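# Inside the fold
Below are the chains, spelled out letter by letter.
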Amino acid sequence: MAEQRRGAPRGRVDPARRAAYDVLRAVDEDDAYVNLVLPPLLRDRGIAGRDAAFATELTHGTVRRSGTYDLILDHLAPKGIDAPVRDVLRLGTHQLLGMRVPSHAAISTSVDLVRTAVGHRPAGFVNAVLRKVDRLDEAAWVDRVAPPAEQDPIGRLSVEHAHPRWVVEALRDALAAGPTDGDALDDLAALLSADNEPPRVTLVARPGLADVGELGVAGAEPGHWSPYAVRLTEGGDPAAIDAVRDGRAGVQDEGSQLVALAATSAALDGPDARWLDLCAGPGGKAALTAALAAPRGAHLVANEVAPHRARLVAAAVRRLPDVEVVTHDGRTLELPPFDRVLVDAPCTGLGALRRRPEARWRRRPEDVGELVRLQRALLVRAVELTRPGGVVTYATCSPHLAETRGVVEDVLAGREDVTLLDATAALPQVPDLAGTGPYVQLWPHRHGTDAMFVAQLRRR
């Protein structure tokens with residue numbers, strides 16, 4: 001473990017822990033995203049190798065479990081904790097309860113960190129609180145601060161797996177809407193546990209530009225479901241791979257790859273030459289879709305409402321032929337009808353909690369209603385932009401029923417010119433989806449992907 005290499009004299013804060021603290025402050029103060037802030041910070045400070053791995057595990061793990069750690073800290077310090085000191089205590093608590101860091105090192109380095117980052121006054125407080133944290137292991141602390149499972153199973157799972165209660169309830173409802181095997185609470189617990197596992201880095205070899213063999217670096221293996229996927233089993237920087245650096249391949253979860261595959265494989269009635277990605281940013285699905293369009297002679301229009309995200313789309317598709325990037329509000333886009341339309345709608349992101357550790361604590365239940373209104377408007381416009389006989393693929397990186405089935409069924413209820421297709425037929429390579437249609441719902445604990453939802457509609 002990286003901790004074995006940390007012999008810094010007392011009073012000096014090692015760069016990895018300071019980096020983790022600075023990222024936590026950015027998340028708290030600036031609504032920053034860990035996956036966007038941490039990598040460049042590590043590069044700028046020259047933190048690499050085992051130290052970078054330690055900083056990454058410490059940062060992601062602390063943010064991911066911060067809700068549960070806060071219950072423990074508030075139990076020990078009921079009079080309140082200032083935000084900068086709380087971040088130091090969260091980092092120390094994660095080292096004590098969630099990492100194999102020796103107790104004396106976790107506590108002493110946290111005291112050094114608070115002295116350097118905040119001041120000398122809270123040093124004794126941090127030392128005292130972390131010594132109390134160290135008296136119990138994580139399971140015993142959960143027993144102390146969580147409700148008993150027999151009285152409140154959802155509340156217990158919320159604390160044990162560090163998810164807000166409303167998120168646990170939404171995931172429970174989404175699981176119950178689909179096929180289940182065995183005990184429902186066990187299935188829910190398995191999903192929550194999978195959300196807390198660091199995801200494997202998955203690459204996509206964009207067909208016609210790269211081959212999966214080019215991505216076969218040490219510790220890589222083929223994806224489970226996408227023929228273009230390669231899963232990295234060891235750490236490393238994907239940008240060090242030539243094909244990724246050149247834009248012929250990219251980093252893309254296998255669930256996102258399956259969305260693009262479903263959108264391009266649904267059977268059409270009539271021509272198949274004009275394709276639209278209505279919400280294309282940041283460009284991963286658009287790049288794979290364009291690569292699949294090229295050998296079929298199809299033209300892809302990639303639309304993105306935000307100019308800075310449209311620039312990311314343009315960068316992602318720069319090596320692909322016959323792609324047009326436009327910037328417009330997808331709800332009011334005016335273009336001639338398309339044969340295929342993909343709507344990867346903005347959503348709560350509850351299906352990607354493995355990758356976005358801060359999202360579970362940042363989202364609120366009231367966000368859902370606003371997003372649903374946007375999703376419904378985008379899907380309605382997508383149908384209007386589709387010619388008769390064409391197919392709309394609606395996708396979200398959220399399994400929340402209001403954002404998925406609810407949106408689709410609301411749109412279907414108001415139109416007589418749209419038929420709901422069985423989206424599972426577009427993904428025969430995922431065998432456990434067979435017979436579960438008409439919707440596709442992927443899960444981290446079942447498929448090893450983000451929890452992507454897919455529905456397909458044909459314009460009559």
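To keep things clear, this report deals only with the structure shown in the data block. (Residues numbered from 1 in each chain as written. Predicted model: local features only at pLDDT ≥ 70, side-chain atom pairs only at ≥ 80, totals over all residues. Heavy atoms only, no water.)

## A word on the nonpolar core
Grouped together as the largest cluster of nonpolar side chains are 45 residues, with contacts concentrated most on Leu 188, Leu 276, Leu 278, Val 343, Tyr 394 and Val 408. At the level of secondary structure, the elements contributing two or more residues to this core comprise α9 (153–160), α10 (165–176), α11 (184–195), β8 (338–344), α17 (365–384), β9 (386–396), α18 (405–413) and β12 (453–459). Not counting residues within four places of it along the chain, the set of residues in contact with Val 343 comprises Leu 278, Cys 279, Leu 378, Ala 382, Val 392, Thr 393, Tyr 394 and Ala 395. Leu 38, Leu 76, Leu 89 and Leu 130 belong to the second largest nonpolar core, which has 43 residues in total. (Core = buried A, V, L, I, M, F, W, Y, C linked by side-chain atoms within 4.5 Å. Buried < 20%, exposed > 50% of the residue type's maximum accessible area, 1.4 Å probe, protein only. Helix = DSSP H or I, 4+ residues; strand = E, 2+ residues; numbered from the N terminus. Contact = heavy atoms within 4.5 Å.)

## Considerations on the pattern of salt bridges
According to the stated counting rule, one finds 43 salt bridges in the structure shown. A salt bridge links Arg 25 to Asp 28, with the nearest nitrogen and oxygen atoms 3.2 Å apart. With Arg 25 and Asp 28 both in helix α1 (residues 15–30) and three residues apart, the pair spans about one turn of that helix. On the basis of relative accessible area, Arg 25 is assigned to the buried category, the value being 10%. Within this structure, Arg 25, Asp 28, Glu 29, Asp 70, Asp 74, Arg 86, Asp 87 and Arg 90 form a network of salt bridges that share partners. (Salt bridge = Lys/Arg side-chain N within 4 Å of Asp/Glu carboxyl O.)

## Description of the sheet that holds strand β3 (residues 229–232)
Hydrogen bonding along the main chain pairs the strands of a sheet, whether they run parallel or antiparallel. Read from one edge of the open sheet, four strands run β2-β3-β1-β4, paired in antiparallel fashion. Strands with a single pairing partner mark the edges of an open sheet, and in this sheet they are β2 (220–222) and β4 (249–251). Here the average twist between neighbouring strands, direction ignored, is 30°. As defined by bridge partners, strand β1 (residues 202–205) adjoins β3 across three bridges and the pair is classed as antiparallel. Counted as the bridge partner of Leu 203 is Val 230 from β3. (Pairing = 2+ DSSP bridges. Axes fitted to C-alpha atoms, helices over the stretch in contact; angles between N-to-C directions.)

## Notes on the packing of α1 against helix α3 (residues 49–64)
The interhelical angle for the contact between α1 and α3, taken along N-to-C directions, is 35°, at an axis separation of 9 Å. Our pair here, α1 against α3, has a crossing hand that is right-handed. Facing α1, whose interface residues are Ala 16, Arg 17, Ala 20, Val 23 and Leu 24, α3 presents Asp 51, Phe 54, Ala 55, Leu 58, Thr 59, Thr 62 and Val 63. (Left-handed = near helix turned anticlockwise from the far one by under 90°.)

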